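Residues per chain, in single letters:
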Amino acid sequence: EIRDMGVRALLLRAHLGNPAKIKEMFQRVEKEYGRLDILVNNAASGVHKTALDLEIKHWDWTMDINTKAPWLCAIEAARLMRGGGYIVNMTSLGSHLGLSNYLAVGVSKAGLEALTRYLAVELAPQGIVVNAVAGGVVDTNALRSFPNSDQMIGDSLNRTPAGRLVTPEDMAAAVAFLCSDRADMIRGQVLVLDGGISLLGF
């Protein structure tokens, strides 16, 4: 779709749980483009289990991809953001709300939000703006991996003050705004995009 718009595009695949693969990915970007303007840390994974059922390997897998990888990607991206740039981390309401079967992912996202704040301060002297976007219930393949996804969608449709679910297009618009000069004075913040449902509690 990007190429159909007449824009050059490079598709790379990398296991973000492997630091060496992250480094290789950014080396390829540098070779192809020489610099980087925007990084969106959107990749995520996790195991949906309770604290009692969660295993150490589940915890490590989730933290490696959802918290450590964005940190490593940000380091590599900052090296290529000569003259400034934007980093947006994708998080979720589960970072501060207790959602069922969401312990590992919720904790990893809380860590990601803390990372956002630290990076916003540390990378500001390089002209790099760092923020995060927390989405409400968005009907995606990731959501469908939840054992109670149909219930989550139904409850959200009934309770969201805006009267509809958040769409991928809503999320993209928020990210695009945070990656524009209109948002340059927004630093280290989490923009909540949930149609108002978190105002009601769960």
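Values in this document were obtained by computation on a predicted structure and should not be read as measured data.

Parameters at a glance
- Counting restarts for each chain: residues are numbered from 1 in the order of the written sequence.
- The predicted nature of this model means local features are confined to residues of pLDDT at least 70 and side-chain atom pairs, given and counted, to a pLDDT of 80 or more, with totals for whole chains, interfaces and linings taken over all residues.
- Heavy atoms from the whole structure form the basis of all side-chain values; hydrogens and water molecules are not counted.
- Going along the chain from the N terminus, every DSSP run of H or I of four or more residues is numbered as a helix, and every run of E of two or more is numbered as a strand.
- The globule rule used for comparison is 2.2 Å times the number of residues to the exponent 0.38, while the radius of gyration itself is calculated over C-alpha atoms.
- Residues forming no salt bridge and having over 30% relative accessible area are the ones grouped into patches, like charges within 9 Å of each other and nonpolar side chains (Val, Leu, Ile, Met, Phe, Trp, Tyr) within 5 Å.
- Method for areas: the Shrake-Rupley scheme with a 1.4 Å probe, in which residue coverage is limited to the protein chains shown.
- Whenever a carboxyl oxygen of Asp or Glu lies within 4 Å of a side-chain nitrogen of Lys or Arg, that contact is scored as a salt bridge.
- For every residue, the accessible area obtained with a 1.4 Å probe (protein chains only) is divided by the maximum for its type, and the residue is called buried under 20%, exposed over 50%, and partly exposed between those limits.
- The contact definition used throughout considers only heavy atoms, calling two residues in contact when any of these lie within 4.5 Å.
- Whenever a nitrogen or oxygen atom comes within 3.5 Å of another N or O atom, the pair is scored as a polar contact, on the condition that within protein one atom can donate a hydrogen and the other can accept it, and that pairs from neighbouring residues in sequence are kept only if both atoms are in side chains.
- Take the buried Ala, Val, Leu, Ile, Met, Phe, Trp, Tyr and Cys residues and link them wherever side-chain atoms come within 4.5 Å; each set so joined is a nonpolar core.
- Strand pairing is assigned whenever DSSP identifies at least 2 bridges connecting the two strands.
- When the strands point away from the viewer and the path from the first strand over the helix to the second turns clockwise, the crossover is right-handed.

Participant: I'd like to hear about the overall build of the chain, residue by residue, with values.
Facilitator: Helix and strand content of the chain: six helices and four strands. In the chain, the succession of α and β elements from N to C terminus is α-β-α-β-α-β-α-α-α-β. Taking 2.2 N^0.38 as the reference for a compact globule, 202 residues should give roughly 17 Å; the C-alpha atoms of the chain span a radius of gyration of 17 Å, in line with that estimate. The dimensions of the chain, computed from C-alpha atoms along their principal axes, are 45 × 40 × 35 Å.

Participant: Residues and numbers for a nonpolar patch on the surface, please.
Facilitator: A surface patch of nonpolar side chains, amounting to about 320 Å² of accessible area, comprises Ile2, Met5 and Val7. On the accessibility criterion, Met5 (67% relative accessible area) is exposed.

Participant: Pulling in residues and values, what's your account of the environment of Leu112?
Facilitator: Among the secondary structure elements, Leu112 is positioned in helix H3 (residues 103-123). Spatially, the C-alpha atom of Leu112 lies 7.4 Å from that of Asn89, the residues being 23 residues apart in sequence. Setting aside its immediate chain neighbours within four residues, Leu112 contacts Asn66, Thr67, Pro70, Asn89, Met90 and Thr91.

Participant: Go over the environment of Gln189, please, and point to the residues and values.
Facilitator: Relative to the assigned elements, Gln189 resides in the loop between helix H6 (168-178) and strand E4 (190-193). Separated by 72 residues in the primary sequence, Gln189 and Arg117 have C-alpha atoms spaced 7.0 Å apart. For Gln189, the contacting residues outside a window of four places in its chain are Thr116, Val130, Asn131 and Ala132. Here the side chain of Gln189 touches Arg187 through a polar contact of 3.1 Å, landing on its backbone oxygen.

Participant: With reference to specific residues and values, describe the side chain of Ser108.
Facilitator: Tracing the chain through its elements places Ser108 in helix H3. Reaching out from Ser108, the side chain makes a polar contact with the side chain of Asn66 at a distance of 3.1 Å. If sequence neighbours within four positions are ignored, Ser108 has contacts with Thr62, Met63, Asn66 and Thr67.

Participant: So what's going on with the nonpolar core? Which residues, and what values?
Facilitator: One finds Phe26 and Ile87 to be the most contacted residues of the largest nonpolar core, which totals 22 residues. When residues of this core are traced back to their parent elements, those giving at least two are helix H1 (19-33), helix H2 (56-80), H3 and strand E3 (128-135). Per-element accounting of this core gives the leading share, seven residues, to H2. With residues up to four places along the chain from it excluded, the contact list for Phe26 reads Leu36, Leu39, Cys73, Glu76, Ala77 and Leu80. Of all hydrophobic cores here, the second largest spans 13 residues; its members include Val129, Met171, Ala174 and Cys179.

Participant: Before we move on, can you summarise the pairing of strand E2 (residues 85-92) with the specific residues and values?
Facilitator: Two faces make up the sheet, and in a regular strand the side chains alternate between them. For E2, the tally of buried residues reaches eight of eight residues, placing the bulk of the element in the interior. Burial along E2 is two-sided: the face carrying Gly85, Ile87, Asn89 and Thr91 and the face carrying Tyr86, Val88, Met90 and Ser92 are both buried. Direction of pairing for strand E1 (residues 38-41) relative to E2: parallel, over a ladder of four bridges. Paired with Val40 across the bridge in E2 is Val88. With H2 bridging E1 and the parallel E2, this β-α-β connection has right-handed handedness. Pairing analysis gives eight bridges linking E2 to E3, with the strands arranged parallel.

Everything listed is a geometric property; what it means functionally is a separate question.
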